[in-house]
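Working through the structure, step by step
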Amino acid sequence: MSLINNNGLTAQSIMSRTLLSAYEGWTIHRLAEFFIKHNISGAPVIASDHELVGVVTISEIFKFSNMDETNRREALRNYYREACEIDLDETSLREWSGHAERNCTVHQIMRKEIIAVERDFSIDQVASVMVKNDVHRVVVTHNKIALGVITSMDILRTLQPESNPLQLVATA
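The paragraphs below set out a description of the structure included in this document. By convention here, each chain's residues receive numbers from 1 onward along its written sequence. In view of the model being predicted, local features appear only for residues whose pLDDT reaches at least 70, and side-chain atom pairs are presented and counted only at 80 or more, with totals across whole chains, interfaces and linings using the full set of residues. Note that water and hydrogens are dropped before the side-chain values are worked out from all heavy atoms of the structure.

Let's talk about helix α8 (residues 123-133)
- The buried label goes to any residue with under 20% of its type's maximum accessible area, the exposed label to any with over 50%, and the partly exposed label to all in between, with areas taken from a 1.4 Å probe on protein chains only. Only DSSP runs of H or I reaching four residues or more are called helices, and only runs of E reaching two or more are called strands; each is numbered from the N terminus. Every buried residue belonging to α8 is among Ile123, Val126, Ala127, Val129 and Met130, and all of these are buried. Projected onto a plane normal to the axis of α8, the buried residues spread over an arc of 160° and lie on a single side. Turned more than 90 degrees from where α8 packs its buried face, Val131 and Lys132 sit exposed.
- Two residues qualify as a contact provided that any one of their heavy atoms is within 4.5 Å of a heavy atom in the partner residue. Considering only its buried residues, α8 is in contact with α1 (11-14), β4 (116-118), β5 (137-142), β6 (145-151) and α9 (152-159).
- Two residues or fewer after α8 comes Asp134, characterised by a positive phi angle close to 55°. Throughout, the arc means that of the directions going from the helix axis to the C-beta atoms.

Some words on the packing of helix α2 (residues 28-38) against helix α3 (residues 58-65)
- Viewed as axis vectors pointing N to C, α2 and α3 meet at an angle of 140°, and their least axial separation amounts to 11 Å. Between α2 and α3, the interaxial angle falls into the category oblique. α2 and α3 meet at a crossing whose hand is left-handed. Two secondary-structure elements touch here, α2 through Ile28, Leu31, Ala32 and Phe35 and α3 through Ile58, Ile61 and Phe64.
- In terms of residue class, the contact of α2 with α3 is made up of seven nonpolar, no polar and no charged. The convention used is that axes are lines fitted to C-alpha atoms, helices contributing only their stretch in contact, and that angles between N-to-C directions extend from 0 to 180 degrees. Angles below 35 degrees are treated as roughly parallel, those above 145 as roughly antiparallel, those between 65 and 115 as roughly perpendicular, and all remaining angles as oblique. By convention, the crossing between two helices is left-handed when the near helix turns anticlockwise from the far helix through less than a right angle, and right-handed when the turn is clockwise. As a working rule, the residues Ala, Val, Leu, Ile, Met, Phe, Trp, Tyr, Cys and Pro are called nonpolar, Asp, Glu, Lys and Arg charged, and the rest polar, with Gly in that last group.

Things to note about the sheet that holds strand β2 (residues 42-46)
- Criterion used throughout: strands pair if DSSP finds at least two bridges between them. Taken in spatial order, the three strands of this open sheet run β1-β2-β3, and their pairing is mixed. The sheet is open, and its two borders are formed by β1 (22-23) and β3 (52-57), each paired with just one other strand.
- Both β2 and β3 contribute to a ladder of five bridges, which runs antiparallel. Its bridge partner lying in β3, Gly42 is registered against Thr57.

Details of the packing of aromatic side chains
- Any two rings among Phe, Tyr and Trp, with Trp reduced to its six-membered ring, count as a pair given centres within 6.5 Å; such a pair is stacked if its planes are under 30 degrees apart, edge-to-face if over 60, and tilted if neither. All chains considered together, the criterion is met by three aromatic pairs.
- Their ring planes at 65° and their centres at 4.9 Å tell us that Trp26 and Phe34 sit as a pair that is edge-to-face.
- In this structure Phe34 comes out as buried when scored by relative accessible area, which is 11%.
- Taken together, the ring pairs in this structure connect Tyr23, Trp26, Phe34 and Phe35 into an aromatic cluster.

A short note on the side chain of Thr141
- Mapped onto the secondary structure, Thr141 falls in strand β5.
- Side-chain polar atoms of Thr141 contact the side chain of Glu118, separated by 3.5 Å.
- Beyond its immediate sequence surroundings of up to four residues, Thr141 is in contact with Ala116, Val117, Glu118, Arg119, Ala146 and Leu147. Each polar contact in these results corresponds to two N or O atoms within 3.5 Å; when the atoms are within protein, one needs to be able to donate a hydrogen and the other to accept it, and residues that are neighboring in sequence are counted only if both atoms are side-chain atoms.

Regarding the nonpolar core
- Of all hydrophobic cores here, the largest spans 17 residues; its most connected members are Leu31, Phe35, Val56, Val106 and Ile109.
- For this core, the secondary-structure elements that each account for two or more residues are α2, β2, β3, α3 and α7 (106-109).
- Considering each element in turn, this core owes the most residues, four residues, to α2.
- With near-sequence residues (within four places) excluded, Ile109 lies in contact with Ile28, Leu31, Val56, Glu60, Ile61 and Phe64.
- The next biggest cluster of nonpolar side chains, apart from the first, holds 15 residues, and it includes Ile123, Val126, Val129 and Ile150. Among buried residues, those of type Ala, Val, Leu, Ile, Met, Phe, Trp, Tyr and Cys that are joined through side-chain atoms within 4.5 Å constitute a nonpolar core.

Structure (C-alpha cells):
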C-alpha cells in the first residue's frame, strides 16, 4: 500500500536538475565555504574527470572538525601517502594538523558509497531507498550518469502540493 499519493510521479519528475557537486581535491575549508555559499548541506563528489566518486555532507565536516589530534594527524599522514607518496615526519604532522581543514581534502572525508536511484523510480521507491539507507538525499541517475538530486524535502513537497497548503494552528 502506497503512503504517498504521487499520481505516477517519477524520480526524474521531482528531482532538482541543479546538481551542485564538490570536487574530491577541494580542501575541507573550501567545501565548507561551498556549502555556506549555496545554502546546502551535502553534495555528490566528483573526480577531476567528472566521474561520480562519492557523497559528502556537513556531518562529515563536523566529524572531521571534532577529531582528536591523533586522528587528525593520521588523516594528514594518509593524505600525503596517497597524494604525494611520501611519509611526513611527526613534527610536520603536528604543525600541519592545526590547520587540517586547509590541508586535508574532501576525498578523505567523503563517503564512497553513493546512494542513487534510477530516473524512472516511483516516489514510493525513492522514499524507500532513502529510509532504508538513512539518508536525506539521493542522486538520480540513468545509465550511471548523474542527472539530478532528490532531497527528503522534495519528497515532502509531493505530499503537500502548493494548491493545498496546510493551515498552521496556533495553540495557547
